[in-house]
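# Observations on chain architecture
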2 protein chains.
Amino acid sequence: MSVPQPTTATLAFAGMPPSRPESDIPRGWIIPIGGKLVDEEILERFVVLCGGPAARIAIIPTASSEPDIGTFYERDFRRHGVAQAKSLHFERRSDCDDRDWLTWLGSATGIFIAGGNQLKLTATLGGTLAARLMRQRNAAGVHVAGTSAGAAFLSEHMIAYGDEGPTPRAGMVTMCAGLGLTNRVIVDQHFRQRDRLGRLLTALAYNPFAVGLGVDEDTAAFISPEDVVETQGSGAVTIVDTSDVQYSSIADAKPGEAITLLGAKVHVLGQGATFDLTTRKADGASAFVISD
Amino acid sequence: MSVPQPTTATLAFAGMPPSRPESDIPRGWIIPIGGKLVDEEILERFVVLCGGPAARIAIIPTASSEPDIGTFYERDFRRHGVAQAKSLHFERRSDCDDRDWLTWLGSATGIFIAGGNQLKLTATLGGTLAARLMRQRNAAGVHVAGTSAGAAFLSEHMIAYGDEGPTPRAGMVTMCAGLGLTNRVIVDQHFRQRDRLGRLLTALAYNPFAVGLGVDEDTAAFISPEDVVETQGSGAVTIVDTSDVQYSSIADAKPGEAITLLGAKVHVLGQGATFDLTTRKADGASAFVISD
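Residues numbered from 1 in each chain as written. Chains lettered and ligands numbered in written order. Predicted model: local features only at pLDDT ≥ 70, side-chain atom pairs only at ≥ 80, totals over all residues. Heavy atoms only, no water.

## As for the overall build of chain A
- Tallying secondary structure elements over chain A gives seven helices and 18 strands in all.
- A buried classification covers 65% of the 292 residues belonging to chain A.
- Contacts in chain A between residues at least 24 apart in sequence constitute 75% of all its contacts with a sequence separation of at least 6.
- Summing over all exposed atoms, chain A offers an accessible surface of approximately 10500 Å²; the carbon and sulfur share of this is 51%. (Helix = DSSP H or I, 4+ residues; strand = E, 2+ residues; numbered from the N terminus. Buried < 20%, exposed > 50% of the residue type's maximum accessible area, 1.4 Å probe, protein only. Contact = heavy atoms within 4.5 Å. Areas by Shrake-Rupley, 256 points an atom, 1.4 Å probe, with all protein chains shown as cover.)

## Section: the interface of chain A and chain B
- Each partner contributes residues to the interface: chain A has 43 residues there, and chain B has 43 residues.
- Buried surface at the junction of chain A and chain B, summed over both partners, amounts to about 3300 Å²; 52% is from carbon and sulfur atoms.
- Three residues stand out in chain A for area buried against chain B, namely R93, Y206 and N207 of chain A, and they jointly supply 17% of the buried area on that side.
- Across the chain A-chain B interface, the total number found is zero salt bridges.
- Scanning the region where chain A abuts chain B turns up 17 residue pairs in polar contact (both at pLDDT 80 or more). (Buried area = accessible area lost by both parts, 1.4 Å probe. Salt bridge = Lys/Arg side-chain N within 4 Å of Asp/Glu carboxyl O. Polar contact = N/O pair within 3.5 Å; in protein donor to acceptor, adjacent residues only side chain to side chain.)

## Comments concerning the nonpolar core
- I60, L105, I111, I113, L125 and L213 of chain B are the most contacted members of the largest nonpolar core, which has 71 residues in total.
- Tallying contributions element by element places helix α7 (residues 197-206) of chain A first for this core, with six residues.
- Setting aside anything within four residues of it in sequence, one finds L213 of chain B in contact with P32, V185, I186, V187, D188, L200, A221, I223, V229, V237, T238 and I239 of chain B.
- Grouped together as the second largest cluster of nonpolar side chains are 70 residues, I111, L129 and L213 of chain A together with I159 of chain B included. (Core = buried A, V, L, I, M, F, W, Y, C linked by side-chain atoms within 4.5 Å.)

## A few points about the packing of helix α3 (residues 99-106) of chain A against helix α5 (residues 129-139) of chain A
All names here are of chain A.
- The geometry of α3 relative to α5 is characterised by a closest axis approach of 10 Å and an angle of 10 degrees between their N-to-C directions. In this view, α3 runs roughly parallel relative to α5, as classed from their interaxial angle. Contact with α3, carried on its side by L102, L105 and G106, involves L129, A130, L133, M134 and R137 of α5 and no other residues of that element.
- A per-class count over the contact of α3 with α5 returns six nonpolar, one polar and one charged. (Axes fitted to C-alpha atoms, helices over the stretch in contact; angles between N-to-C directions. Parallel < 35°, antiparallel > 145°, perpendicular 65-115°, else oblique. Nonpolar A, V, L, I, M, F, W, Y, C, P; charged D, E, K, R; others polar.)

## Section: the packing of aromatic side chains
Residue and element names in this part refer to chain B.
- Counted under the stated rule, the structure contains 14 aromatic pairs over all chains.
- Each ring, one from F72 and one from Y73, has its centre 5.0 Å from the other, and the planes form 80 degrees; the classification is edge-to-face.
- Judged by relative accessible area, which is 43%, F72 ranks as partly exposed.
- Overall, Y73 belongs to the buried group, its relative accessible area being 9%. (Phe/Tyr/Trp six-rings, centres within 6.5 Å; stacked < 30°, edge-to-face > 60°.)

## Side note on the pattern of salt bridges
- Tallied over the entire structure, the rule returns 19 salt bridges over all chains.
- A salt bridge links E40 of chain B to R79 of chain B, with the nearest nitrogen and oxygen atoms 3.3 Å apart. With E40 of chain B in helix α1 (residues 40-49) and R79 of chain B in helix α2 (residues 69-79), the pair connects residues that are 39 residues apart, well separated along the chain.
- For R280 of chain B, the salt bridge goes to D241 of chain B, with nearest N and O atoms at 2.9 Å. Here R280 of chain B is found in the loop between β16 (274-276) and β17 (282-283), whereas its partner D241 of chain B is found in strand β12 (residues 237-241), with 39 residues between them in sequence. Pair check on accessibility: R280 of chain B and D241 of chain B agree, each one buried.
- What you see here is one network of salt bridges that share partners, running through R27, R184 and D227 of chain A.

## Thoughts on the sheet that holds strand β10 (residues 219-223) of chain B
Residue and element names in this part refer to chain B.
- Read from one edge of the open sheet, nine strands run β3-β2-β4-β5-β1-β10-β11-β16-β17, paired in mixed fashion. The sheet is open, and its two edges are formed by β3 (84-87) and β17, each paired on a single side.
- Of the strand pairs in this sheet, strand β11 (residues 228-233) and β16 are connected by three bridges, and their pairing is antiparallel. Looking at β16, one finds that V229 is bridged to F275.
- Across the sheet, helix α3 (residues 99-106) is in contact with β2 (56-60), β3 and β4 (110-113); its angle to β2 comes to roughly 130 degrees. (Pairing = 2+ DSSP bridges.)

## Looking at the sheet that holds strand β17 (residues 282-283) of chain A
Residues and elements named next belong to chain A.
- Spatial strand order, β3-β2-β4-β5-β1-β10-β11-β16-β17: nine strands in an open sheet with mixed pairing. Each end of this open sheet is capped by a strand with a single partner; those strands are β3 (84-87) and β17.
- Along the sheet, helix α1 (residues 40-49) makes contact with β1 (30-33), β2 (56-60), β4 (110-113), β5 (143-147), β10 (219-223) and β11 (228-233), crossing β10 at roughly 25 degrees.
- Helix α2 (residues 69-79) contacts β2, β3, β4 and β5 of the sheet and is inclined by roughly 170 degrees relative to β3.

## Re the packing of α1 of chain A against α2 of chain A
Residue and element names in this part refer to chain A.
- Put simply, α1 and α2 touch, their axes get as near as 10 Å, and they point 80 degrees apart. Taken together, the axes of α1 and α2 lie roughly perpendicular to each other. Between α1 and α2, the contacting residues are E40, L43, F46 and V47 on the first element and D76, F77 and R79 on the second.
- A class-by-class count of the residues in the contact of α1 with α2 yields four nonpolar, no polar and three charged.

## Description of the relation of the copies chain A and chain B
- You can overlay chain A on chain B at an RMSD of 0.0 Å; the transform is a turn of 180 degrees with a shift of 0.0 Å along its axis. The relationship between the two copies is best expressed as a two-fold rotation axis. Considering only C-alpha atoms, the residue of chain A closest to the rotation axis is M175 of chain A, which sits at 2.8 Å.
- Comparing interface residues between copies, 100% of those in chain A also sit at the interface in chain B, which points to an isologous, same-surface contact. (Least-squares fit on C-alpha atoms with pLDDT ≥ 70 in both.)

## Details of the state of the cysteines
- By the definition in use, this model includes zero disulfides over all chains.
- The thiol of C96 of chain B is not disulfide-bonded; the next cysteine sulfur, from C176 of chain B, is found 16 Å away. (Disulfide = S-S within 2.5 Å.)

The following block contains the structure:
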């Protein structure tokens, strides 16, 4: 497993463009997990991607209010054979300039972002050297997984919070900028357990350019460097593809009003089923199309 | 004035990454205008950038509910010596695949987006061939200006709507994905006329990674390919630089509660004053720093 090492310049940047592939190096995997992780194969697959026993996993516990969540995941990764798993407890924005932690982060082969409140992640990490380094390392081939709040945080457009329910309604979702590893998906997690189809559809109704990714609990959406999504876990990943949307009423909808959204396509991807974010094609025996 | 011409491939893409510079070609200018345009020099400067009398300006009237706004701007650009100014009335999402309009858009040297409701722009254009072409053309050197709603629409993170007032409060702003020409700024317009400092600060409190750009009426923020912002017009551009923010309380704030945001720096840039989005340095005799 060869992951490019950061140079001094890595830590010296002032401002940075979005995460983007550097020359010919493929981007790392981006792996939103829907929370309530039980399936051992999810972390196992992440560990293998990151180099197996040679992996160096940086854990970001910032979203959580549980003080020992970092230690919990350090132990969990050790159980998966990773000797080098370290929690970097970026609690305040000033922590995000910590030289030692940034050096550790910069040499990690994988980054794992724990759950909690995703606004703690954006408010603490947003725009700091730590966030920029995560973007840059992912662009350079390092894999980034996040569970629950950590999953929401991964993409450019993040669902901060919202209401439950299957029907999209104006104002039912609050969005803001996330970490920005990709702008091609908007992630929602605890997806069917918390009945979040409505808020994901609302997020997409504002601007039907991204693909909606509803990730169930104990389930991961493994997004490859080539932008193919594959489900791993006991639940499903619900894909909302808006590429054929004919109409969204969001510009005229009053607060709380149900939104008209015509032509969205929904795929439910069980274990092993895939969806290509570029060609917008779903594949896999376990996937079935609800509407076409 | 030489602007690279689109190839057949330009129109054949299925999905596209964010607007990004292609090899060595500098990106076009991005020019948010605060609405209520009176100052003749704003459009004049845009026209000169686009090639003067040889310019081809595509006008996007989609945000407006006034049926003759496109004709109004066609006439306005002719008055500025541009013989080729054409309104492309993308009214429905299906219009955004119109071959003739896309061809015209693809050969424009400048794109001007009129005001109205920015959600009409995102809901109609988001994810369509027309929006992708605008992103790609800007990355290839074509200049894009937008006034009022058109200004809000330009960046990756767009303020959809929000409340007035100087104090940032949880939930006072609704954001969504915009056109995505840059993710380095969040634009607000009619800025001091509608007392929008609070909602801009709220947008930045969610994730202090972008620079806030509050553009007054009759004023433009000319953002160069090198990401230097320069004010042109009778008002000012208010820069909110969050690079030294120590703390944002957004993760813990209840709806309507005032947000604590510590360490934001504010610059007010009058005519000719500049702010570098990369180095975060303000410059110019007419600029004064409110807090440092």
